[in-house]
Structure formats: C-alpha cells, structure tokens
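# Commentary on secondary and tertiary structure
What follows is each chain in one-letter form.
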Amino acid sequence: MAAVGAAATHLDVVRGKRAALFFAAVAILLGLPLWWKTTETYRAPLPYSQISALNALQLRLMVPVTVVFTRDSIPLDDQEKLPFTVVHEREIPLKYKMKIKCRFQKAYRRALDHEEEALSSGSVHEAEAMLAELKEQAEGSLTVYVISEYSSLLPQDMMSYIGPERTAVVRGIMHREAFNIIGRRIIQIAQAMSLTEDVLAAALADHLPEDKWSSDKRRPLKSSLGYEITFSLLNPDPKSHDVHWDIEGAVQHYVWPFLNALSAAGNFSVDSQILYYAMLGVNPRFDPTSFSYYLPMHSLPHVINPVESRLGSSAASLYPVLNFLLYVPELAHSPLYIQDMDGAPVATNAFHSPRWGGIMVYNIDPKAYNASELPVRVEVDMVQVMEVFLAQLRLLFGIAQPQVPPKCLLSGPKNEGLMTWELDQLLWARSVENLATATTTLTSLAQLLGKISNIVIKDDVASEVYRAVAAVQKAAEELASGHLSSAFVASQEAVTSSERAFFDPSLLHLLYFPDDQKFAIYIPLFLPMAVPILLSLVKIFLEMHKSWRKPEKID
Amino acid sequence: MAAPCFFSRLWRAALALLALGSLAASQIEDQAKQFFRSGHTNNWAVLVCTSRFWFNYRHVANTLSVYRSVKRLGIPDSHIVLMLADDMACNARNPKPATVFSHKNMELNVYGDDVEVDYRSYEVTVENFLRVLTGRIPPSTPRSKRLLSDDRSNILIYMTGHGGNGFLKFQDSEEITNIELADAFEQMWQKRRYNELLFIIDTCQGASMYERFYSPNIMALASSQVGEDSLSHQPDPAIGVHLMDRYTFYVLEFLEEINPASQTNMNDLFQVCPKSLCVSTPGHRTDLFQRDPKHVLITDFFGSVRKVEITTETLSLQRDSQITESSYKEDRMDEELMEPLKYAEQLPVAQIIHQALLAEVWTLPSAPCGMLGSRSWPATFTGSVLQLVTSPVHVLSQSSELHKVQF
C-alpha cells in the first residue's frame, strides 16, 4: 500500500516537474521573443547603405559649350580638323565632403551660312539679334562664336564679349597653337558665365565649416520652393505728407518681368501695404553743414526691429518673406540721408539685410512745400524706387556682379534686369545647394535613428526616404549629363521629400521611456508569473544535481 | 659717409617692419574679433510656463516678464513662441482682472495690451513643446506657432514651473524628463535648427535638467542645484499669491540695464543672484559651448541685431511714361469720387443711440412702448430689435438721397 502510494506520488512529482519544465519552456522560448517583437518600435526598412553612399557622391557639373568658328578666325589647317569635341575638367577645391568637378564639354564646329552672315554685320547687338531668333538654347548650355582677329564686330581693344542671352563672342587668332589659346579664352568666358568657385562656395556656405563669418557668402537666400515679396510704404507723418504710390503699375511693369525671368527658381507672390505712423526705431542726427538729418551706419541694424512687428509678415505664408520698405521721413526730420562708414551720404539712400529685405528712404523734393498747405501731396517716383528695390532683390538672391575676364565687354542688362546666364548660375548654385541639403537631411535622419531608439518610421515616411534618395541620384546624373532644368527639378524634389520625411509628425510618436520607468511597468506583470517558474526550475535543478551525485557516492 | 646712409636705411627698414607688423597685428586682431563674434543672423525665443492654477501665478509672471524684456531688446513677436497656461489674467480670483503683476504694490503690469500667446491653456503639453522644438508639426499649424529657425539662428529657451530631479512637470498632468529634452536638442542639432542655444530654467532642482545635454553649442543656466529648491520672491497682500521667483526677478533686474547696443557678456549673467540673495545656488553649464562665455554678448540671445549692408548698386529701368500718367489720372478721379462720401456726417448717430436707449427690450407684451407707436407689432424683444435694425436702414436711405443730390 505504501509502495503504491509512493509510486503514485512519484508519478505526480514527475508530472509536476514536467509541467513546470513545459511552463518554463513556453515562457522562455515562445513568450520572451513574442514580447520582444511586439514591443519594439516599428521601423520600416530604409536604404541605409544608399544613404551613406550619398555622402561619398561625386558631383560632376557639366556645361555643354558649342564653339562656332567663322571662316577667318583660325588658320586653314586647323579648320580642316573641325568638328571635334574637347573636354576640360577641373575639381573645385572646396572643403566639402562631396567632391565637385566642373566639366566644360566644348563641341567645336564650323559656322553655318546664316551665322557667318550674322557675324559680319555692323555691331554686335545686331549680330546677336539675328542669331537669337534662330534657335532656343537649353538651360545651362552656352554658345561661343569665334570671329576673326581683325573683325570690327567688337571694339578694337576688346577681346571678347558676353551677351545677355547664353552667347558670347571671342576673337580668334592666326597662330599655330590657335586651338589651345582660343580654348583657354573660351574656358575663362564660360566660367564667368556659368560656374566659378565663388558661386559654388556661396551655395554651399551653410555646409562648409570655416566660412561662418564671411558676410559676402551669407547674403543669398536659402533655396526654397517659393518666396513671398512684400512692398510696404511707411508714412510716419500723414498730417504733413499725403503719399501716393502707384505700386500696382510698378509691380506690373518692373517687378513681374523680373520675377517671371526668375520663375524657374521658385513660385513668387507679391503683395503690398501702406503703414501709417510707423516710426523707425532710431532717432536721426542733425548735420548742421548740410541742414539735413542722417542715420549713421552703426545705428542701421536697430532700425529694422521695431518696424518688423508691424509688417505682418508672419500672416502672409509659409514661404520665406522678403520685405521691401519705402520710408518717407517726417517733416521734422526731412531730408534724411543714410551715411556709410566714411560719413558720406549713400547715393541710393538704401540698405538691405541678408535674408530679410531692404529699406529705402525717399526724401521729398523741398519745392513741394512752398506753395501748398499741409498735408502736401507726394507722388512717389516708382522708377527710382524700383531700380533700388530690384537691385536689392538681385543681391538678396545672390546674383552678384560677374567676374569678367580682362578686356571683355559685358553687355548691358536686359529690360527685366536679369541675364539668362545669370539665371543659369542661380540654378547651378541652387541645385548644388539642394543636393547638399537633401544629403545632410537623409544622413542626419539615419544618424538619429541610430542614436535614439524610440523613433517610429512608418511606411509612408520610408517611401518618402526612398523617393528622396532616388531623386538625389537622378539629379546627380542629370547634372553630369548637362541637363540643368531637369537636374534642378529633381534636386527640388529631393529636398522636399527629405524634409517631409524628416519632419513628419509621426516620428515623435513614442515619447521616451527611461529604463526605470520600463521596469516599473513590467515588474508587476512579469514578476508574479516569473517567480514560481524560476523557483520550480531551481528546485528541479537542485534535485537533479543531488540525484547525479548520489550514484557517485554509492560507487 | 656710408655709415649714416647705412644707418638711415636700417632705421627706415625697421620703421617699415614695425608698420607692417602693427598692420598684421591689427589684421589678426580684427580676425580674432571676428572669430569671437557669433555667426548668427536671426534670433528666436521659446518661453514656456509649465504650470496652471492660481497659486502658480509667479510662473506666469516670470514668463511674461522675460517675454517683455526680450521684446524690448528687439526680438519681434513673429520670432517668439510663447507657451502659457494663461489662466491668470482672467481668473475669477484675480482682484485686478486683465493684469498680471510682477512687482508688489502692483507696480508693473506685464500682461498689457499686446501679449501674443501662441500656445495657451491645454495646448501647453510636452508633446506640443517637443513638436515645436523639433519642427515635426502637423501641416495645418499656423506660422505663429512654428519655430522656423535655421542654421544661423540663436535660440533662447526659458522654462519655468515645478520640477524635480530629472523632470519638469507640465500642467500638473505629465512630465518631461531631461533625457527627452536632450534628445529633442539633438534632433534640432542634426537638422541644424540652431546656431547656438541658451537654455534657462527656473524650477526646483533645475540643474538636473541640463545634466544630460550632449549636443554642441548649448549653454545652460539653472536657478538651483540638484537637491535644492528655488524660492519665490515676494508675496503681494492684495493679490494674495507670490508674484515672482527670486532667480527670474534678479535676472530681470540685470536685463533692465541692457539695451540693444550694450556689450555686456555672459559672465555677468552667471553672477546674477548669488546664494545670499537667492538662497539656492544658481548653476550653469558651458562645456558644450564653443566660444568662451566672456565673448558671448547678452544681446546675442536676448536681443535681435541684424547684419545690414549698404546698397551701392542700382539697376537701370526704362521709364514707361504713358502708364504713370494714366495711373495718376485714375488716382485723381478716384479722389474726386471719394470726396462727397463722408458718412460720419450723414449718419445721425446721436439719433440712433437715443433710440436704442429708449428700446425697452425686456417689457411685457402689453406695456406700451413709445417708439413703436401705432404699429401693431407686439412689443417683444424681436420687435424692438427689428426697430433698431430698420431705423439705421431708414437713415441710410436718407443719406443715399443726400449723396445723389450732391453727385
């Protein structure tokens, strides 16, 4: 009886041990991985290797140049060798992680009949007019015409000419080394019209470490999809001056042609307003020698802030806002001049602030006060005002004065105020800047995901990242093959996609749970379940250990 | 003869070298000065008050006082993100409604007329704060609620409320830990959303909040060390609560002497509120900051000084004379049309107001209402409103008749 009872309890004990072992097995082998998998943050797969490859991307910027030789420009045996292509490649020495190479692909050819006819006309402007009607030039490409050394198309002392469209004219030479010499001149001209180190340095100014403090390179606006331009008239003294300005006409005639020429660089919207009783924050000082008031240069930075809060620029749009203010000084402070560092009054009576806008002071003709009583009606001369504002707009966009090679004649600007190859320069700079920004954003997203383990990446964010990576690669390809407009569009898409991925609101989904809080949550759930299992495992193990040792003792 | 020539040449050479040397030295000095200057082009401020309820009046007063100083020194409202519970000024327990005072005896009303609160009441949450900092805001958010800083922005972040060792309490319902804050700053750094950051915190055990920062270019100040409490400054017997915290009170006294052109540096700010005045020991952290604090101007963070350049070039535009003349004529015509319309004289406002005063809105239907006269409408509320509505219309029709005559 006792033996049967003992056998029964032994069976129970064995069953109990097996049950405990099964519990432990299920908990450890099945439960633990399941819990781990279901509580990890969801991360859709991202192309990490491609993103790190972007950092080592080699950017090759190709400028296709067509060089057209007229009959008397080079020696005859050189003319026999036409047509052929010469490539000139140079690395831009910038301390940036991406290597940038500038490649000028010159396609030499002979001039066609109508080109010969055009280039033998009286003045270079007529020649240009005849040549321009014939074909549309793709963005980013240039055409250089080589004329005879003694041609009268250019003034005698000028060796070359840069036109407002994408054309230039260079004098040829009758020499053995004609091609080399002319090739060098062409490269100089082509660089002035498209890409120089300065243009690229300005574009990459935010990404280069050392040049933080150079003011020239911090002037341009950052690349953005669109811009909002606001013209404001500030009239602090409406009792004395009844100011009228025909802003609609001026915008229609002068500003929109300029912005339409720039339309490839972004969407623009223009608005205007008039503010009364808006003072400058600084009191002007009186200059007894000229009976006028002046604003010294060091007080100019303090002018903008008190006025800015009244401009209402924050309500306008999400695009960056450029403010252009026209200030008509009060009667008590008229006339008002701005002084530069040497104490001389500035000719334009205007100043600008990088990435903000510009301010111009408009002094009223003192003759207007003679006959009439206050308020005096003032009709603002919009042409004078727009000349300054458009010049400031050019500077704010980073369209600087070009560095022309020596003995080169630069044509006057077009009616719109922008030459076509200046737009090309802007697009080159913007494309490079966009690619740099997109690459930085993607790389920093990858780094962040490595550092902070709580960021969730949903599927649509992952698809934006893939799209951004593809757009960067496409933009690099297009730049290497010389298609500027499609490269710019691709680079904009890359920036938009990468910013959308980085700033997606869902990335902040899980706030941080420090380790002690995690313990505090899991211990009440796991401890009651884990303790019996562990204790029974320990007991089983000890018994097994004892049973192993017993046979030894007997033996 | 040769010796004096030689000596004079030597003397001249020495002078030239000296001149060159001083020129080089001044150039180096200029470069050095430039090097120590901050490279920022715009300033932003994020001011957060994390408490609500009447007895936390001082936190709202703290934040509003810092807001006033920052505005006075030049940062515009469009560059300030102000997060307040904003339940003080119109609180039922406020003996002076629509005011928030920061000095006792009601000397200084920091609420004023032009406070622009961007996140108020229940919008001040940890999530919104982190979204503002990192920029991960839903696309429908208006521009005034965003921190649109870039890589050349100096940002001032001021936080006040109740805190503990490693956390800050938001609105009595949630907390933000120092690790979350450090991660948020790291996300800002990765996206280059700031050039330099100044973090000021006025809570109990405030120094614990900046212990975990690891991103570069951050300078932090706190009102008390770990294990210490920040104390409040002065109660006001009329309002019945404490008005300000000590640390912020002395910081504001310090800021009152700063104007937009002053050259005071950060080392002076570190000395503000010593233990004798503040009872707690203020702390600061500068190891993550690249420049030396004595070269950092207060106005680099609290004010907004812009870089300006004189415009020296102009374009030359062609005058389009026809257009300007015709537009001038249009203006003239508009003016002539505009002159007769002077509504202030034509609308007998006094009559309307007098009528409105007479309207007995709440009378019973049977009571005679003088202005209704012979009309059979019931003298109810709607009836009198209709009368009010019709009488201006009546008067307006008179005015249009006048207008027609003059035209």
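Residues numbered from 1 in each chain as written. Chains lettered and ligands numbered in written order. Predicted model: local features only at pLDDT ≥ 70, side-chain atom pairs only at ≥ 80, totals over all residues. Heavy atoms only, no water.

Chain A goes by Phosphatidylinositol glycan anchor biosynthesis, class S in an unreviewed UniProt entry, where it is assigned to Nannospalax galili. Quoted verbatim from the Sequence similarities (unreviewed entry) field of the UniProt record, the comment on chain A reads "Belongs to the PIGS family." (UniProt positions renumbered as here; feature names shortened; annotations may be inferred.)

### Focus: the state of the cysteines
Inspection of every chain in the model, using the stated rule, returns one disulfide over all chains. The structure places no disulfide on Cys408(A), whose sulfur is separated from the nearest cysteine sulfur, that of Cys102(A), by 18 Å. Looking at Cys408(A), the relative accessible area reads 11%, which means it is buried. Cys90(B) takes part in no disulfide bond, and the closest cysteine sulfur, belonging to Cys49(B), lies 15 Å away. Residue Cys90(B) is classed as exposed on the basis of its relative accessible area of 70%. (Disulfide = S-S within 2.5 Å. Buried < 20%, exposed > 50% of the residue type's maximum accessible area, 1.4 Å probe, protein only.)

### So, the nonpolar core
One finds Phe231(A) and Met386(A) to be the most contacted residues of the largest nonpolar core, which totals 122 residues. In terms of residues, this core owes the most to one element, helix H12 (residues 420–451) of chain A, which gives 13 residues. Membership of the second largest hydrophobic core comes to 52 residues, among which are Phe101(B), Val110(B), Val241(B) and Leu269(B). (Core = buried A, V, L, I, M, F, W, Y, C linked by side-chain atoms within 4.5 Å. Helix = DSSP H or I, 4+ residues; strand = E, 2+ residues; numbered from the N terminus.)

### A short note on the UniProt feature "transmembrane region" (unreviewed entry) in chain A
UniProt's entry tags residues 19–36 and 519–542 of chain A with the feature "transmembrane region" (unreviewed entry), counted in the numbering of this structure. This span, residues 519–542 of chain A, is 100% helix and 0% strand, and a straight line between its end C-alpha atoms measures 29 Å.

### What about unusual backbone geometry?
For the peptide bond that leads from Ser334(A) to Pro335(A), omega is -20 degrees, which places it in the cis range. Tracing the backbone shows Pro335(A) in the loop between strand E12 (321–327) and strand E13 (336–338).

### Section: the packing of helix H2 (residues 48–55) of chain A against H12(A)
Residues and elements named next belong to chain A. Where H2 contacts H12, the two axes come as close as 9 Å, and the packing angle between them is 135 degrees. One finds that H2 runs oblique with respect to H12. Crossing hand, H2 versus H12: left-handed. Along the contact surface, H2 presents Tyr-48, Ile-51, Leu-54 and Asn-55, while H12 presents Thr-439, Leu-442, Thr-443, Ala-446 and Leu-449. (Axes fitted to C-alpha atoms, helices over the stretch in contact; angles between N-to-C directions. Parallel < 35°, antiparallel > 145°, perpendicular 65-115°, else oblique. Left-handed = near helix turned anticlockwise from the far one by under 90°. Contact = heavy atoms within 4.5 Å.)

### What to know about the sheet that holds strand E6 (residues 167–170) of chain B
Residues and elements named next belong to chain B. Ordered in space as E5-E6-E7, the three strands form an open sheet in which the pairing is antiparallel. Of all the strands in the sheet, the pair left with one neighbour each is strand E5 (162–164) and strand E7 (174–177). The mean angle between the axes of side-by-side strands here comes to 30 degrees, regardless of whether they run parallel or antiparallel. Sheet analysis places E5 next to E6, joined by three bridges and oriented antiparallel. For Gly-164, the partnering residue across the bridge sits in E6 and is Phe-167. (Pairing = 2+ DSSP bridges.)

### Considering the interface of chain B and chain A
Listed as interface residues are 61 residues of chain B and, on the opposing side, 71 residues of chain A. Buried area between chain B and chain A, summed over both chains or domains, comes out near 6,100 Å², and the portion from carbon and sulfur atoms is 57%. The tally of links from chain B across to chain A stands at three salt bridges. Between Glu499(A) and Lys191(B) there is a salt bridge, with its nearest N and O atoms 2.9 Å apart. The interface formed by chain B and chain A includes 14 residue pairs in polar contact (both at pLDDT 80 or more). Every element with two or more residues in the side of chain B that touches chain A is listed here: helix H1 (2–36), helix H3 (126–134), helix H4 (178–190), strand E11 (309–310) and helix H9 (321–338) of chain B. Grouping the amino acids of the side of chain B that touches chain A by side-chain chemistry returns 17 nonpolar, 21 polar and 23 charged. (Buried area = accessible area lost by both parts, 1.4 Å probe. Salt bridge = Lys/Arg side-chain N within 4 Å of Asp/Glu carboxyl O. Polar contact = N/O pair within 3.5 Å; in protein donor to acceptor, adjacent residues only side chain to side chain. Nonpolar A, V, L, I, M, F, W, Y, C, P; charged D, E, K, R; others polar.)

### As for the pairing of strand E4 (residues 153–160) of chain B
All names here are of chain B. Most of E4 is tucked away: eight of the eight residues are buried. Every second residue of E4 is oriented toward a common face, with Ser-153, Ile-155, Ile-157 and Met-159 on one face and Asn-154, Leu-156, Tyr-158 and Thr-160 on the other, all of them buried. Where strand E1 (residues 42–49) lies against E4, eight bridges are found, and the strand directions are parallel. Across the sheet, Asn-42 pairs through a bridge with Ser-153, a residue of E4.

### With respect to the pairing of strand E15 (residues 357–361) of chain A
Residues and elements named next belong to chain A. Along E15, five of the five residues are buried, which leaves the element largely enclosed by surrounding structure. Neither face of E15 is open: one carries Gly-357, Ile-359 and Val-361, the other Gly-358 and Met-360, and all of them are buried. Of the pairings in the sheet, the one linking E12 to E15 comprises five bridges and is parallel in character. For Phe-324, the partnering residue across the bridge sits in E15 and is Gly-358. In this structure, strand E14 (residues 350–353) lies alongside E15, joined through four bridges in antiparallel fashion. By the bridge assignment, Phe-351 is partnered in E15 with Ile-359.

### Looking at helix H8 (residues 247–261) of chain A
All names here are of chain A. An ideal rise of 1.5 Å per residue puts 21 Å on 15 residues; H8 measures up with 20 Å between its terminal C-alpha atoms. At Val-255, H8 shows its largest kink, close to 40 degrees, and the proline Pro-257 lies no more than four residues downstream. Every buried residue of H8 is accounted for by Ile-247, Gly-249, Ala-250, Val-251, Tyr-254, Val-255, Phe-258 and Leu-259. (Expected span 1.5 Å × (residues − 1). Bend = angle between axes of the 7 residues up to and from the residue.)

### Considerations on the side chain of Thr348(A)
Structurally, Thr348(A) is set in the loop between E13 and E14. One polar contact links the side chain of Thr348(A) to the main-chain carbonyl oxygen of Thr311(B), over a distance of 2.6 Å. The contact partners of Thr348(A), leaving out residues within four places of it in the chain, are Met360(A), Val388(A), Thr311(B), Thr312(B), Glu313(B) and Thr314(B).

### Comments concerning the pattern of salt bridges
Counted under the stated rule, the structure contains 29 salt bridges over all chains. Among the ionic pairs, Lys37(A) bridges to Glu40(A), the shortest N-O distance being 3.2 Å. Assessed through its relative accessible area of 43%, Glu40(A) is described here as partly exposed. Ionic pairing is found between Lys71(B) and Asp77(B), a salt bridge with its closest N-O pair at 3.0 Å. Among the residues examined, Lys71(B) registers a relative accessible area of 22% and is labelled partly exposed. Among the charged side chains, a network of salt bridges with common partners joins Arg60(A), Glu89(A), Lys101(A) and Arg103(A).

### A short note on the packing of aromatic side chains
Within this structure, the stated rule accounts for 27 aromatic pairs over all chains. Centre to centre, the rings of Trp35(A) and Phe526(A) are 5.4 Å apart; their planes meet at 85 degrees, and the pair counts as edge-to-face. Residue Trp35(A) is found in helix H1 (residues 2–39), and its partner Phe526(A) is found in helix H15 (residues 515–554); the two are separated by 491 residues along the sequence. Among the residues examined, Phe526(A) registers a relative accessible area of 31% and is labelled partly exposed. Of the aromatic side chains, those joined through ring pairs into one cluster are Trp35(A), Trp36(A), Tyr522(A) and Phe526(A). For the cation-ring pair, Arg136(B) lies above Phe502(A), with the distance from its terminal atom to the ring centre recorded as 4.9 Å. (Phe/Tyr/Trp six-rings, centres within 6.5 Å; stacked < 30°, edge-to-face > 60°. Lys NZ or Arg CZ within 6 Å of the ring centre and 35° of its normal.)

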